[in-house]
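Tertiary structure, described
Spelled out, the chains give:
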Amino acid sequence: MTYKYSPSDFYPNEKLYRSFNQSDLIPDTTEIGVHSIRFPDFSCNWSRFSKPADIRLRENINTTDGCYSFTVETSRFERMATPCHDPLDSNYAHVEVRQLKADESIEFEPPKNRKLRSNNWSKSRRLLYRQNIINDLTVEIKIGT
């Protein structure tokens, strides 16, 4: 059995790596579009067990994809979500950033594939969350390099 960490094991300044491709960019720019971030629940690699180039080793990935990072602290913006270690057989560094209910702690691990009623988080709050990631991300690997 593989050891699985809990949300309380993440340090605020650790990075989460996420791939991106040309379709994630704002047309005619090199900027990642806010709507390319799926929220709630999206996958990343945890810097504790991964480096940026490892996103290109995942299954069903294009080897020319880019990689951006943001911190665990950024992922916990306004206590809307928290990273959850979700190791896969092929990727021990795999993390899902999962949405929290208003009364849940950032150290709580929301269940996988939980569907919250849309009135818990308005579209404008989800957009605010996505924009926060866009504002704080760092491009680690450009597309095609």
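Quick look at the structure, then. Values in this document were obtained by computation on a predicted structure and should not be read as measured data. (Residues numbered from 1 in each chain as written. Predicted model: local features only at pLDDT ≥ 70, side-chain atom pairs only at ≥ 80, totals over all residues. Heavy atoms only, no water.)

Quick look at the environment of P7
Threshold: Only DSSP runs of H or I covering at least 4 residues are called helices, and only runs of E covering at least 2 are called strands; the numbering of each starts at the N terminus. Any pair of residues with heavy atoms lying within 4.5 Å of one another is described as a contacting pair.
Examined against the element boundaries, P7 turns out to sit in the segment before strand 1 (15-20). The sequence separation of P7 and V97 amounts to 90 residues, and the corresponding C-alpha distance is 9.9 Å. The residues contacting P7, other than those within four sequence positions of it, are R76, T82, P83, C84, I106, E107, F108 and E109.

Topic: the packing of aromatic side chains
Worth spelling out the cut-off: Stacked, tilted and edge-to-face are the three classes applied to pairs of Phe, Tyr and Trp rings, where Trp contributes its six-membered ring and a pair requires centres within 6.5 Å; stacked means planes under 30 degrees apart, edge-to-face means over 60, and tilted covers the rest. Three labels apply to residues, based on accessible area from a 1.4 Å probe with only protein chains included: buried if under 20% of the type maximum, exposed if over 50%, partly exposed otherwise in between.
A full pass over the atoms with the stated rule returns 10 aromatic pairs. Seen from their ring centres, F42 and F70 are 6.1 Å apart, and the 50° between their planes marks the pair as tilted. Highlighted residues: F42 in strand 2 (residues 42-46) and F70 in strand 3 (residues 66-71), separated in sequence by 28 residues. Residue F70 is classed as buried on the basis of its relative accessible area, which comes to 2%. Aromatic side chains Y68 and F70 sit 6.3 Å apart centroid to centroid with 35° between the ring planes, which places their arrangement in the tilted category. Each member of the pair, Y68 as well as F70, carries the same accessibility label: buried. Within the aromatic cluster, the residues linked to one another by ring pairs are Y3, Y5, F10, W46, F49 and Y92.

A closer look at the sheet that holds strand 1
Each strand in a sheet pairs with its neighbour through backbone hydrogen bonds, running either in the same direction (parallel) or in the opposite one (antiparallel). The line we're drawing: Think of it this way: DSSP has to see at least two bridges between two strands before they count as a pair. Interaxial angle, 0 to 180 degrees, is taken between N-to-C directions of lines fitted to C-alpha atoms, where a helix line uses only the stretch in contact.
Strands sit in the order 4-5-2-1-3-6 across an open sheet of 6 strands; the sheet is antiparallel. Two strands bound the open sheet, and with one partner strand each, they are strand 4 (81-85) and strand 6 (138-141). Ignoring strand direction, the axes of neighbouring strands in this sheet form an average angle of 40°. Pairing between strand 3 and strand 6: 3 bridges, direction antiparallel. Bridging across to strand 6, C67 finds its partner in I141.

Treat this as a map of the structure, not an account of what it does.
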